[in-house]
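Survey of secondary and tertiary structure
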Amino acid sequence: MSSVVDETTSDETAAGSRHLGLALVVISIAQLMVVLDATIANIAIPYIQHDLHFSPASLSWIITGYTLSFGGLLLLGGRLGDILGRRKVFMAGVTIFAVASLLGGIAQSKELLIAARVLQGLGAAIASPTALALITTNFPPGKPRNRAFAVYAAMSGAGAAVGLILGGWLTEYSWRWTFLINVPIGLLAAIAAPLVLAESARHRGSFDLGGALSGTFGLVSIVYGLTHAAELVNKSAARSWTDPVTVSALVLGAVLLVVFLVIERRIKDPLLPFRILADRTRATSFAVMLLIPAGMFAMFFFLSQLVQNVLGYSSLRAGLAFLPFSFGIVVSAGIASNLINRIDPRWLAGGGALIASVGIWGFSRIGYDTATLAVDASYAKDLLPWILVMSFGMGFVFVPVTLTAVHGVGDRDSGIGSGVLNAMQQIGGALGLSVLSTVAVTALQNKAAEIVAAQPGGGNPTPAQQKEFKQRLADVAFTHGSTVAFWVGALMILAGAVIVFAFMRVSHEELATDGVPGAPVT
């Protein structure tokens, strides 16, 4: 009789393992899809700019339109999952994402493309926090859940690089495929979800639309102000920051963010409960996830243009150039997921941030000569070593910070906790890219003006010579602007490392108690 029972138990365990495996596949594919779309269009930017007539300063909206909507509405997405059921909301999110991807793929104007990117961000904001929360619903505590979190963190970290590789390959055919590829994937995830994912318990509460709208539009207004200032730099660097539109947008953004905080303090069911931030380690995790992706997103944005426009790479070769980043972050995330059981997250995340800051600083050393208007850079010497360094550091950041961000959060707030974590990553990337784009464009314009002023007068260059001069000037100026942006990005990531070392205090033993009956919940 006992052998029959053992055999039955074994069969149930195997079936459960297969079920968990399929659940993790669905969750991971959905997370990879929404994260990689923050960068998949990077490789296609030169082609999109040509076809839809984007100005150089407005190009960043192809990225920030998505990341702002994604990050700004993530808290609302987490709340929807808590109240309506996470599996149901997850299915709605990936479906919206698929429809928005279709609209982006057929867009015939820059306005429609940006609108499609915003709608993609809305779908991602609904799907992503519920995906992370579904791990706690579907996976038992201990090693199974930690491994699932490690895979999720790897998808979050590697998604940006995978997006560049996939974008490079698809752009060889048409930039439109960088959007259309999501349509079957999103629909497949929506269909598979009810078959392999368990539904979560529902919780009562309000949606807090006032908080969601004030926070999101506040961020959009700030980014618009920064972008508008960058567009005016070529006319007057000084006036770009005193322009009425720039000042009005920045002030309006700041006011709306203050309104968001006031609403969150007074409403009964806020999107951002201040109890979530009361834990110092958790608040540290959110702050770090705001700062560090700012440098990573900027790296992809500038390097993808540099290797194509300056080094002359094809879109496919440009995408493959970032393949080592995917390998590096997956390997380091795997190592970190094993070490987290023996080493406190403070040392893993802080050390990883230091390594990543060195990596992005390395890109600032790309050489150029203003006298000959030549860029002295090669992939093997100036890019690959630092891509590997940065990827290794990022893997050591994402795994422990993902775990510490949801450490000690009760089941009622798990959707909110994961939503804040993802929001910080996307908002940090959007704000970081807008800031660093403004820095880069300002440095680019100043360097170009300096080089032109230093040119000797006289002569009668041919049209071919004029064209060559303009191209060389553009290459050197863009390289200079990018190196300045990399410097600032390195400082952002370094600040994240300092915050980790100063304020993160949770031990690896405490992390192991998550989800264990009788463990303390904050």
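Every value quoted in this text rests on a predicted model; they were computed, and no experiment measured them.

Side note on the overall build of the chain
Of the regular secondary structure elements, the chain holds 20 helices and two strands. Looking at the chain as a whole, 55% of its 522 residues are labelled buried. Contacts in the chain between residues far apart in sequence, at least 24 positions, make up 87% of those at least 6 positions apart. As displayed, the chain has an accessible area near 21,000 Å², and 67% of this comes from carbon and sulfur atoms.

Digging into helix 17 (residues 379-405)
Between the first and last C-alpha of helix 17 there are 36 Å, a value that for 27 residues agrees with the 39 Å anticipated at 1.5 Å per step. With a side-chain oxygen positioned 3.3 Å from the backbone nitrogen of lysine 381, the residue opening helix 17 is serine 378.

Quick look at helix 4 (residues 86-105)
End to end, helix 4 covers 28 Å across 20 residues, agreeing with the expected 28 Å (1.5 Å per residue, within 8%). Listed as buried for helix 4 are Arg86, Val89, Phe90, Gly93, Val94, Phe97, Ala98, Ala100, Ser101, Gly104 and Gly105.

Some thoughts on the pattern of salt bridges
Evaluated as defined, the whole model comprises three salt bridges. One salt bridge in this structure joins lysine 381 and aspartate 382, with 2.9 Å as the shortest N-O distance. Here glutamate 450 ties to lysine 447 by a salt bridge, and the two come within 3.4 Å at their closest N and O atoms. Taken together, the positions of glutamate 450 and lysine 447, both in helix 18 (residues 414-454) and three residues apart, correspond to about one turn of that helix.

A look at the confidence of the model for the chain
If pLDDT is low for a region, its predicted coordinates should not be looked at in detail. Per-chain confidence: the chain averages 82 in pLDDT, with 88% of residues scoring 70 or above. The lowest-confidence element of the chain is helix 1 (residues 2-36), averaging 60 in pLDDT; the highest-confidence one is helix 16 (residues 345-363), averaging 94. Of the regions scoring below 50 in pLDDT, residues 1-18 engages in zero contacts with residues more than four places distant in sequence or in other chains. Of the regions scoring below 50 in pLDDT, residues 516-522 engages in eight contacts with residues more than four places distant in sequence or in other chains.

Topic: the packing of aromatic side chains
Within a pair of aromatic rings, the relevant descriptors are the distance that separates the centres and the angle that separates the planes. Across all of its chains, the model carries 14 aromatic pairs by this definition. Taking the centre distance of 6.0 Å and the plane angle of 85° together, the rings of tryptophan 169 and tyrosine 173 count as edge-to-face. Using a relative accessible area of 42% as the deciding quantity, one classes tryptophan 169 as partly exposed. Geometrically, the ring pair formed by tyrosine 313 and tyrosine 379 is tilted, given 6.5 Å between the ring centres and 50° between the ring planes. With tyrosine 313 in the loop between helix 13 (280-310) and helix 14 (315-320) and tyrosine 379 in helix 17, this pair connects stretches of sequence that are 66 residues apart. We note that tyrosine 313, like tyrosine 379, is buried.

A look at the nonpolar core
Counting 134 residues, the largest nonpolar core has Phe90, Phe363, Met390 and Met394 as the members making the most contacts within it. Counting residues per element, this core draws most heavily on helix 13, at 16 residues. Not counting the four nearest positions on each side in its chain, methionine 390 is found in contact with Gly295, Met296, Met299, Phe325, Ala356, Gly359, Ile360, Phe363 and Ile493. Counting residues in hydrophobic clusters, the runner-up holds six residues, among them Leu373, Ala448, Leu473 and Ala477.

Observations regarding a nonpolar patch on the surface
Taken together, the side chains of Leu84, Phe207, Leu209, Leu213 and Phe217 make up a nonpolar region of the molecular surface, amounting to roughly 470 Å² of accessible area. The leading source of residues in the nonpolar patch is helix 9 (residues 209-232), at three residues. Relative to the elements of secondary structure, phenylalanine 207 occurs in the loop between helix 8 (182-196) and helix 9. Overall, phenylalanine 207 belongs to the partly exposed group, its relative accessible area being 32%.

Examining unusual backbone geometry
With a phi close to 65°, histidine 53 is a non-glycine residue in the positive phi region. Mapped onto the elements, histidine 53 comes out in the loop between helix 2 (45-52) and helix 3 (61-84). A relative accessible area of 60% places histidine 53 in the exposed class. Its identity as a non-glycine residue notwithstanding, leucine 373 has a phi of 55°, on the positive side.

The rules behind the values
- Along each chain, residues carry numbers from 1 onward, in the same order as the chain's sequence is written.
- At least 70 in pLDDT is required for a residue's local features to be given in this predicted model, at least 80 for side-chain atom pairs to be given and counted, and no such filter applies to totals for whole chains, interfaces and linings, which use all residues.
- Computation of side-chain values covers all heavy atoms of the structure but excludes hydrogens and water.
- Strands here mean DSSP runs of E at least two residues long; helices mean DSSP runs of H or I at least four residues long; both are numbered from the N terminus.
- Summary of the burial criterion: residues with accessible area below 20% of their type's maximum are buried, those above 50% are exposed, and those between are partly exposed, where the area comes from a 1.4 Å probe applied to protein chains only.
- Any pair of residues with heavy atoms lying within 4.5 Å of one another is described as a contacting pair.
- Each accessible area is a Shrake-Rupley result for a 1.4 Å probe, and residues are judged covered by the shown protein chains and nothing else.
- Each helix should span, by expectation, one fewer than its residue count multiplied by 1.5 Å.
- Nitrogen and oxygen atoms within 3.5 Å of one another constitute a polar contact, given that in protein one can donate a hydrogen and the other can accept it, and given that sequence-neighbouring residues count only through two side-chain atoms.
- One side-chain nitrogen of Lys or Arg within 4 Å of one carboxyl oxygen of Asp or Glu is enough to make a salt bridge.
- Values of pLDDT, which run from 0 to 100, indicate the predictor's confidence residue by residue.
- For Phe, Tyr and Trp, where Trp contributes only its six-membered ring, two rings pair if their centres lie within 6.5 Å, and the inter-plane angle classes them as stacked under 30 degrees, edge-to-face over 60, or tilted in between.
- The term nonpolar core refers to a set of buried residues drawn from Ala, Val, Leu, Ile, Met, Phe, Trp, Tyr and Cys, joined through side-chain atoms within 4.5 Å.
- The patches described consist of residues with a relative accessible area above 30% and no salt bridge, like charges being joined within 9 Å and nonpolar side chains (Val, Leu, Ile, Met, Phe, Trp, Tyr) within 5 Å.

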